[in-house]
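Single-letter residue listing:
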Amino acid sequence: AARMCSAPPAEDEAPPKFSTLDVRVGRIVEAWAHPDSEKLFCERIDVGEAQPREIASGLRAHYKLEQLADRLVLVVCNLKPAKLAGFESNGMVFCASSADKGKVEFVDPPEGAQPGARVLALAEAAAPPADVEPASSNQMKKKKLLEKMSAGLRTDAGRVATYLGEPLVVRLDEDGTTGQCTAPTVAGGSIS
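A brief look at the structure comes next. (Residues numbered from 1 in each chain as written. Predicted model: local features only at pLDDT ≥ 70, side-chain atom pairs only at ≥ 80, totals over all residues. Heavy atoms only, no water.)

**A short note on the packing of aromatic side chains**
Applying the stated criterion across every chain yields a total of three aromatic pairs. Judged by centre distance (5.8 Å) and plane angle (50 degrees), the ring pair of F18 and Y163 falls under tilted. Here the residue F18 occupies a position in the segment before strand 1 (23-33), and Y163 occupies one in strand 12 (residues 161-163), the gap between them amounting to 145 residues. Of the two residues examined, F18 and Y163, each falls in the buried class. (Phe/Tyr/Trp six-rings, centres within 6.5 Å; stacked < 30°, edge-to-face > 60°. Helix = DSSP H or I, 4+ residues; strand = E, 2+ residues; numbered from the N terminus. Buried < 20%, exposed > 50% of the residue type's maximum accessible area, 1.4 Å probe, protein only.)

Written as structure tokens, this is what we have:
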């Protein structure tokens, strides 16, 4: 009799490429305190689409409202919408956190970056667009891709945002010049 057996699960599955995430430079065009949550800000962020995205972030303990206006940030754009205290959030803002989570701050794009510009790992920055196609929001959720990638998202000793040790960059011009994404003060921290 034939035996039915399934292959064992892949224990050492290769980590996803950073380009699996659709991370873009965004500009906060409007922000307000969430009316029903002491922890959340609500923001409208221009990520180069027809309309700004509405995103909620739990940063009220770390920023004053006036520090958000016109600020450039990094936004994960291929997440399924999520309700946070009744507010539909259409993305996530990347922040660096100290080991004790006492310090949380935005990861900044490089000077000269424009809203809508894609953030990639350095080795991916020169790749043709077809090679760095992000996952769909359904794939992100179903395969838990952000969760799988989270341990590899860190700031290095020089405060440069990295994925698996490789700097995260934005192309600044058609010649391929890139600039690194950095945290203002958090070195050796996690990014989420």
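**Re unusual backbone geometry**
Unusually for a residue other than glycine, A85 sits at a positive phi of about 50 degrees. Looking at the secondary structure, you find A85 in the loop between strand 5 (82-84) and strand 6 (87-89). Although it is not a glycine, K144 sits at a positive phi angle of roughly 50 degrees. Within the secondary structure, K144 is located in the loop between helix 1 (137-142) and helix 2 (145-149).

**Quick look at the environment of S57**
Tracing the chain through its elements places S57 in strand 3 (residues 53-57). Taking the relative accessible area as the measure of exposure, S57 reaches 9% and is therefore buried. Spatially, the C-alpha atoms of S57 and A126 are 31 Å apart, while their sequence positions differ by 69 residues. Contacts of S57, omitting those with residues within four sequence positions, involve K39, L40, F41 and E43. Polar contacts involving the side chain of S57 include one to the side chain of E43, which spans 2.4 Å. (Contact = heavy atoms within 4.5 Å. Polar contact = N/O pair within 3.5 Å; in protein donor to acceptor, adjacent residues only side chain to side chain.)

**Quick notes on the side chain of T20**
Looking at the element boundaries, T20 is found in the segment before strand 1. Overall, T20 belongs to the buried group, its relative accessible area being 13%. In this view, T20 contacts N78, P134, A135, M140, L145 and M149; residues no more than four positions away in its chain are not counted.

**Points about the pattern of salt bridges**
Scanning the model with the defined rule gives nine salt bridges in all. Between E54 and R44 there is a salt bridge, with the nearest N and O atoms lying 2.8 Å from each other. Here the residue E54 occupies a position in strand 3, and R44 occupies one in strand 2 (residues 41-46), the gap between them amounting to ten residues. In this structure E54 comes out as partly exposed when scored by relative accessible area, which is 25%. Between R71 and D108 there is a salt bridge; the shortest N-O distance is 3.1 Å. Remark: D108 occurs in the loop between strand 9 (104-106) and strand 10 (118-121) and R71 occurs in the loop between strand 3 and strand 4 (72-76); sequence separation between them is 37 residues. (Salt bridge = Lys/Arg side-chain N within 4 Å of Asp/Glu carboxyl O.)

**Section: the nonpolar core**
Among the nonpolar cores identified, the biggest contains 27 residues, and F18, L21, F94, V119 and L168 are the most heavily contacted of them. Counting residues per element, the ones that place at least two in this core are strand 1, strand 4, strand 10, helix 2, strand 12 and strand 13 (166-171). With residues up to four places along the chain from it excluded, the contact list for V119 reads F18, V23, R24, V25, L74, L168, V169, V170 and C181. (Core = buried A, V, L, I, M, F, W, Y, C linked by side-chain atoms within 4.5 Å.)

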